[in-house]
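Here's the letter readout for the chains.
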Amino acid sequence: MLSRLLRPLSCPVLCLGLAVAPAARANEAAQSAAVAARPFTIVMVLPRAAQSTEAGFRNYLERENVAARYVEVRFSGNKLDEDALRQQVAALRPDLIYAWGTPTSLALAGRHDQSNAANPLRNTPIVFTEVTDPVNAGLIKNLQQPERNVTGVSHVAPLDIQFNAIQAYRPFRKIGYLHNPAEPNSLTILRNLQAQAQRLGLQVIDASLGLNADQTPDPAQIGPLVADIAARGADLLYIGPITFLAFTHREAITQAALRQQLPTFCTTESIVRRSGCLFGLFSNDTNVGRFAGSMARQILLEKKPVSAIAASTLQRFSLLVNIPTAQTLQLYPPMLLLNVAEVIPAPPASPR
């Protein structure tokens with residue numbers, strides 16, 4: 001059962017169900033030729049530099065002969081900047097907007113249950129990636145029929161499968177969680193963690209970042225709050241898909257955990273690969289981008305309404321273990337996990 005749930009994502013785009021019949025390929029080629037004279041404008045709105053998710057998105061569209069001009073726009077993450085962001089993106093007259101993360105997607109599209117009459121992007125197709133829970137975040141009404149100009153790809157494994165991976169590493173009993181009240185999905189994650197922990201007889205030890213006057217969280221609090229979580233008995237720190245913690249300040253939270261000898265479990269790929277999180281379970285970033293690219297192709301070439309394209313997640317997940325961090329913590333994974341996981345190896349020993 002564990003190997004079936006946790007087996008790494010190894011096959012390429014065919015895993016995503018994106019194979020296209022020859023007749024359809026010919027039709028798409030004709031469509032591509034028809035629009036070759038005017039490349040589409042795709043605005044990529046990101047809270048950080050482009051990474052493998054964006055590379056997967058662009059590479060998929062290039063391979064499908066979708067001629068496009070890509071324009072990157074950086075979003076600060078500050079709610080006070082949302083109106084200016086929408087105006088900036090609208091001025092670029094995009095044919096499609098790529099949005100990374102929940103705060104960015106909400107900044108562009110607004111909530112579905114609030115008036116968007118003044119939003120200049122209300123009719124522009126938006127494809128999001130790395131949104132944890134688009135329904136609870138208020139982006140769309142339901143996954144199968146978004147019913148607005150927004151759809152996209154989530155990257156997070158179901159919570160029960162995450163807990164399978166956590167408990168397979170060690171029987172952790174007290175799960176620490178640092179909440180960011182500036183991100184709507186953070187509270188949803190906390191509530192889901194608490195519900196899942198209660199079902200399993202576990203405990204969640206949480207703390208909350210304070211907000212500055214401009215309603216942004218203070219990164220100086222990360223270290224002290226992680227220390228507080230550890231002092232209250234947490235034996236694992238759960239780092240969810242929170243932009244402020246898992247991306248913007250990922251080094252701060254993983255290093256704070258290491259100082260407390262606190263193992264970390266992460267639900268996004270880059271923090272394990274680049275910032276020393278102990279282990280994580282997630283959809284592969286590149287394949288998330290490819291899946292989003294397939295949605296963009298349907299919108300741009302097939303002229304399919306965005307509202308008719310179901311938001312989705314990939315169905316296979318990768319387990320990644322960071323061996324250098326395991327060495328630092330003296331907390332090595334069991335062989336069962338090593339049989340199904342990808343590992344970041346320890347650096348070679350220096351010659352004597």
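Right above here is the structure, for reference.
Residues numbered from 1 in each chain as written. Predicted model: local features only at pLDDT ≥ 70, side-chain atom pairs only at ≥ 80, totals over all residues. Heavy atoms only, no water.

Draft legend 1. Looking closely at the pattern of salt bridges. With the rule as written, the count across this model stands at ten salt bridges. The salt bridge partner of E64 is R297, with a shortest N-O separation of 3.9 Å. Separated by 233 residues along the polypeptide, E64 in the loop between helix 3 (52-63) and strand 2 (68-74) and R297 in helix 12 (residues 285-300) bring together distant segments of the chain. A cluster of three or more residues bridged by salt bridges with shared partners is formed by E64, R297 and E302. (Salt bridge = Lys/Arg side-chain N within 4 Å of Asp/Glu carboxyl O. Helix = DSSP H or I, 4+ residues; strand = E, 2+ residues; numbered from the N terminus.)

Draft legend 2. A look at the sheet that holds strand 4 (residues 126-129). Overall, parallel pairing links the six strands, which are arranged 2-1-3-4-5-11 in an open sheet. The sheet is open, and its two edges are formed by strand 2 and strand 11 (312-313), each paired on a single side. Of the pairings in the sheet, the one linking strand 3 (residues 96-100) to strand 4 comprises four bridges and is parallel in character. Residue I97 lies in a different strand from strand 4, and its bridge partner there is I126. Sheet strands touched by helix 5 (residues 102-109): strand 1 (40-46), strand 3, strand 4 and strand 5 (150-154). Its angle to strand 3, the strand with the most contacts, is close to 145°. (Pairing = 2+ DSSP bridges. Contact = heavy atoms within 4.5 Å. Axes fitted to C-alpha atoms, helices over the stretch in contact; angles between N-to-C directions.)

Draft legend 3. Focus on the pairing of strand 3. Where burial is concerned, most of strand 3 is hidden: five out of the five residues are buried. Of the two faces of strand 3, the one lined by L96, Y98 and W100 and the one lined by I97 and A99 are each fully buried. Sheet topology places strand 1 next to strand 3; four bridges connect them, and they run parallel. Note that in strand 3 the partner of V45 across the bridge is A99. (Buried < 20%, exposed > 50% of the residue type's maximum accessible area, 1.4 Å probe, protein only.)

Draft legend 4. Geometry of the nonpolar core. Core analysis: the largest hydrophobic core is formed by 86 residues, its most contacted members being F57, Y169, L178, V226, Y238, I253 and F279. Residue contributions to this core peak at seven residues, all from helix 12. Dropping the residues within four chain positions of it, Y238 is found in contact with L159, Q162, I166, I175, G176, Y177, I189, L193, F265 and T267. Core analysis: the next-biggest nonpolar cluster, separate from the first, contains 21 residues, V43, L106, L108 and I126 among them. (Core = buried A, V, L, I, M, F, W, Y, C linked by side-chain atoms within 4.5 Å.)

Draft legend 5. Examining the side chain of N185 more closely. Mapped onto the elements, N185 comes out in helix 7 (residues 184-200). You can call N185 buried: its relative accessible area is 3%. Polar side-chain contacts of N185 include one of 3.3 Å to the backbone oxygen of P241. Setting aside residues no more than four positions away along its own chain, N185 makes contact with T102, T132, P241 and I242. (Polar contact = N/O pair within 3.5 Å; in protein donor to acceptor, adjacent residues only side chain to side chain.)

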